[in-house]
Amino acid sequence: MRKKIVVANWKMNKTVHEAVSFANEINKYQDFRCDVALCAPFVALSELRNVLDKRFHVGAQNIYFEEAGAYTGEISATMIKKFCRFVIVGHSERRQIFKEDDQVVNKKAKIALKHGITPIVCIGETLQERESGKTSEVVQRQILESLKDIDVTQIIMAYEPVWAIGTGRNATPEQAEEIHALIRRLIGSEKTRILYGGSVKPENAKGLMQQKNIDGALVGGASLDVKSFIGICQNA
Ligand code: PEP
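Presented here is a report on the structure given in the accompanying data block. Values in this document were obtained by computation on a predicted structure and should not be read as measured data.

**Some details on the site of the ligand**
- If you check the shell around the ligand, you find 14 residues, and the closest are Lys11, His91, Glu160, Gly166 and Ser199.
- Lysine 11 places a side-chain nitrogen or oxygen 2.5 Å from an oxygen atom of the ligand.
- Residue histidine 91 places a side-chain N or O atom 2.7 Å away from an oxygen atom belonging to the ligand.
- Compared with its free state, where it exposes 300 Å², the ligand has 96% of that area covered by protein.

This is the structure we're talking about:
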């Protein structure tokens, strides 16, 4: 039985002060049956780990794939591993805005694993790809290349259809489950948790997470407000 996990992706939101206030609020809740992780901006990681109850995990939203050196502005696995249990890699915003491809995602996942940080590897098709019937092909290619030479039992996968991210238009539970089942077949692991991401809210969380192969959620917009994030966790 895979334990559900709900992961907040705050993106470029929340000051350290705001992150701490969020942690103080969520610390009051005892009744979650799922794992919970907060993926915060780099500057908040240390303080968040200090304040957040140890029942909850801290994660980063990105990482660089080299160990150290002349990479101005980048952050290494060594720098974050003291605070982070997880790191998101391959988010569609990194793929689209920062032009990261599957090879880069693969290297980032590997350096994270090397340092004992669990990568949350994101994949998903664009609207154009879905509408032209290419969803399975895209998902298959992303899996093949971003997970090359990686032990899939050591990672978390996140299926995030790009057309559902930040749009308010979530995949239906059936649409999501179809792709989650495909991902599970392709990775060949019953142990690996596969999260759904894309406009998850307290109102749709239950239906999505009741699906056989949906093991939790990666939550953007609705994770910024502590009440709505808690609502999602309670529905997991
Ligand atoms: C995300 O960015 O990972 C995401 C799922 O965003 P949202 O929940 O806002 O669609």
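**Here we look at the packing of helix H1 (residues 16-26) against helix H10 (residues 226-234)**
- Across the interface, H1 lies against H10 with an axial gap of 10 Å and an inter-helix angle of 45°. Taken together, the axis directions place H1 and H10 in an arrangement best described as oblique. Between H1 and H10 lies a crossing whose hand is right-handed. From H1, Phe22, Glu25 and Ile26 reach across to H10, where they touch Val226, Phe229 and Ile230.

**Observations concerning the packing of helix H5 (residues 102-114) against helix H7 (residues 135-146)**
- For the pair H5 and H7, interaxial distance at closest approach is 8 Å and the crossing angle is 45°. Between H5 and H7, the interaxial angle falls into the category oblique. Pair H5 / H7 crosses with right-handed handedness. Facing Asp102, Gln103, Val105 and Asn106 of H5, the residues of H7 in contact are Arg141, Gln142, Glu145 and Ser146.
- A per-class count over the contact of H5 with H7 returns 1 nonpolar, 4 polar and 3 charged.

**Brief notes about the pairing of strand S8 (residues 216-219)**
- Burial of S8 is two-sided: the residues Gly216 and Leu218 facing one way and the residues Ala217 and Val219 facing the other way are all buried.
- Direction of pairing for strand S1 (residues 5-9) relative to S8: parallel, over a ladder of 4 bridges. Bridge pairing links alanine 8 to valine 219 in S8.
- In this sheet, S8 lies alongside strand S7 (residues 193-197) in parallel orientation, the contact comprising 2 bridges. Across the sheet, tyrosine 196 pairs through a bridge with alanine 217, a residue of S8.
- Crossover connection from S7 via helix H9 (residues 202-209) to parallel S8: handedness right-handed.

**Observations concerning helix H8 (residues 173-187)**
- Taking 1.5 Å of rise per residue, the 15 residues of H8 would be expected to cover 21 Å, and the 21 Å separating its terminal C-alpha atoms lies within 8% of that figure.
- Among the residues making up H8, those that are buried are Ala176, Glu177, Ile179, His180, Ala181, Leu182, Ile183, Arg184 and Ile187.
- Packed against the buried residues of H8 are strand S5 (118-123), helix H6 (127-131), H7, strand S6 (156-159), S7 and H9.
- Just downstream of H8, glycine 188 is the residue with a positive phi angle, here 65°.

**Side note on the sheet that holds S6**
- What the 8 strands build is a closed barrel, ordered S1-S2-S3-S4-S5-S6-S7-S8; its pairing is parallel. Geometrically, the sheet is characterised by an average inter-axis angle of 25° between neighbouring strands, direction not taken into account.
- Where S1 lies against strand S2 (residues 35-39), 5 bridges are found, and the strand directions are parallel. Looking at S2, one finds that valine 7 is bridged to alanine 37.
- Sheet strands in contact with H5 are strand S4 (86-89) and S5, and its direction is about 160° off that of S5.

**Focus on the nonpolar core**
- Counting 67 residues, the largest nonpolar core has Val6, Ile26, Met157, Ile183, Tyr196 and Phe229 as its most contacted members.
- Leave out the neighbours within four places in its chain, and methionine 157 touches Val121, Ile123, Ile143, Leu147, Ile183, Ile187, Thr192, Arg193, Ile194 and Leu195.
- The next biggest cluster of nonpolar side chains, apart from the first, holds 12 residues, and it includes Val7, Ala37, Ile88 and Leu195.

**Notes on unusual backbone geometry**
- The backbone of aspartate 149 sits at a positive phi, close to 60°, despite the residue not being glycine.
- Locating aspartate 149 in the fold gives a position in the loop between H7 and S6.
- Phi is positive for serine 199, which is not a glycine, with a value near 60°.
- Mapped onto the elements of the fold, serine 199 is located in the loop between S7 and H9.

What counts, and at which threshold
Residues numbered from 1 in each chain as written. Predicted model: local features only at pLDDT ≥ 70, side-chain atom pairs only at ≥ 80, totals over all residues. Heavy atoms only, no water. Near = heavy atom within 4 Å. Polar contact = N/O pair within 3.5 Å; in protein donor to acceptor, adjacent residues only side chain to side chain. Areas by Shrake-Rupley, 256 points an atom, 1.4 Å probe, with all protein chains shown as cover. Axes fitted to C-alpha atoms, helices over the stretch in contact; angles between N-to-C directions. Helix = DSSP H or I, 4+ residues; strand = E, 2+ residues; numbered from the N terminus. Parallel < 35°, antiparallel > 145°, perpendicular 65-115°, else oblique. Left-handed = near helix turned anticlockwise from the far one by under 90°. Contact = heavy atoms within 4.5 Å. Nonpolar A, V, L, I, M, F, W, Y, C, P; charged D, E, K, R; others polar. Buried < 20%, exposed > 50% of the residue type's maximum accessible area, 1.4 Å probe, protein only. Pairing = 2+ DSSP bridges. Right-handed = clockwise from strand over helix to strand, strands pointing away. Expected span 1.5 Å × (residues − 1). Core = buried A, V, L, I, M, F, W, Y, C linked by side-chain atoms within 4.5 Å.

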